[in-house]
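# Per-entry structural report
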Amino acid sequence: MSVLVYAEHDGSAILNASLCAVAAARELDADVHLLVCGEGCRNAAEAAAAVEGASRVLLADAPAFSHGLAEPIADLLVELAGPYDAILAAHTTGGKNILPRAAALLDVAPISDIIGIESADTFVRPIYAGNAIATVRTCDAKKVVTVRATAYEAVAESGGAAPIEEVGGGGAGTGGDLSSFVGQELTRSERPELTSASIVISGGRGMQSGDNFHLLETVADRLGAAVGASRAAVDAGFVPNDYQVGQTGKVVAPDLYIAVGISGAIQHLAGMKDSKVIVAINKDEEAPIFQVADYGVVADLFKALPELDEELAKALE
């Protein structure tokens, strides 16, 4: 059996989510190849070659792939699909954008957001916002699968020595005129990236305004944590959309998750309930968040957060 993993990168290193997808691919007891797409991305391909478990790296280096558009990359995946039994990617924005299109072009049913693999054709995935777990079997000859990164430990970034092969000929990756790159706005922060942080502190509607998020940011900086938010806080305009944790946002599973002023709607729980330790701060003792929290603090967050910051300052001196 052979598996092709679409490896996302930042130009020089493979993203952690894709390393988790490689870990899933290895459970298939397969020959694992990595596909690196982009323009001027040789460094990323060399990083992919060093990834533990990769036996070959396919490098598609062309202007058509420079911005990660779904159309050219899906076309390329279809051209390369021939010898592969399965195509995998992380269940990220990029993976969710590209793989369903590739599946449609291959006339197979995509299997999304898996959290486990039982066999080469049987996968485990959450449904109903994580309230039920489904085991699904596909009869398609080629499996097109996205992997929930938080369900797998990332493989090591070093230790491998896979050969690199340049691909992308035969007209693949053109994508026609269906889409074109217009521009992008990047959010830069010195804090850890939300989906890979070991500690996350999130605020909800109880924060009352975006100006009050500085209380979270102060604690986050003490702990080296990422800052997140509930959909209610994002919809209210308190913080940008990329802060959102939940079913329609980012799925996180840090070692420590601190939920502040978050009631615990089912959609939010779907994005963070796999966290190893959950701490909830909410003045409503009946809030659903306390049902999943390991530690609960019934208190006014505007008093609790400054006190927490003060105690952390003492402890970290």
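Scope of this entry: the structure provided in the associated data block.

What follows deals with the packing of helix α3 (residues 70-80) against helix α4 (residues 93-106). It is at 8 Å that the axes of α3 and α4 come closest, and there the two elements cross at 50°. On the basis of their axis angle, the class for α3 and α4 is oblique. α4 is crossed by α3, and the crossing has right-handed handedness. Seen from α3, the contacting residues are A70, E71, I73, A74, D75, L77 and V78; seen from α4, they are N97, I98, L99, R101, A102, L105 and L106. For the contact of α3 with α4, a count of residues per class yields 10 nonpolar, 1 polar and 3 charged.

Once that is clear, we can look at the side chain of S275. For S275, the location among the structural elements is in the loop between α7 (266-272) and β14 (277-282). With relative accessibility at 6%, the residue S275 sits in the buried group. Engagement of the side chain of S275 in a polar contact is seen with the backbone oxygen of M272, the distance being 2.7 Å. Residue contacts for S275: discarding those within four places in its chain leaves V252, A253, P254 and Y257.

This part covers the sheet that holds strand β9 (residues 143-147). Across the sheet, which stays open at both edges, the 7 strands sit in the order β5-β9-β4-β1-β2-β3-β10 with parallel pairing between neighbours. At either margin of the open sheet sits one strand with a lone partner, and together these are β5 (110-114) and β10 (164-166). Mean inter-strand twist for the sheet, computed between neighbouring axes without regard to direction, equals 25°. By the bridge criterion, 4 bridges tie strand β1 (residues 2-6) to strand β4 (residues 86-90) in an arrangement that is parallel. In the strand pairing of β4, V3 is matched with A86. Contacting β2 (31-38), β3 (54-61) and β10, helix α2 (residues 42-49) crosses the sheet at an angle of about 170° to β3.

Attention now moves to the environment of F290. Examined against the element boundaries, F290 turns out to sit in the loop between β14 and β15 (295-298). On the basis of relative accessible area, F290 is assigned to the buried category, the value being 18%. Residues F290 and A104 lie 186 residues apart in sequence; the distance between their C-alpha atoms is 42 Å. Once residues lying within four places of it in the same chain are set aside, the contact partners of F290 are A280, N282, D284, E285, G296, V297 and V298.

Rules behind the numbers
- Residues numbered from 1 in each chain as written.
- Predicted model: local features only at pLDDT ≥ 70, side-chain atom pairs only at ≥ 80, totals over all residues.
- Heavy atoms only, no water.
- Axes fitted to C-alpha atoms, helices over the stretch in contact; angles between N-to-C directions.
- Helix = DSSP H or I, 4+ residues; strand = E, 2+ residues; numbered from the N terminus.
- Parallel < 35°, antiparallel > 145°, perpendicular 65-115°, else oblique.
- Left-handed = near helix turned anticlockwise from the far one by under 90°.
- Contact = heavy atoms within 4.5 Å.
- Nonpolar A, V, L, I, M, F, W, Y, C, P; charged D, E, K, R; others polar.
- Buried < 20%, exposed > 50% of the residue type's maximum accessible area, 1.4 Å probe, protein only.
- Polar contact = N/O pair within 3.5 Å; in protein donor to acceptor, adjacent residues only side chain to side chain.
- Pairing = 2+ DSSP bridges.

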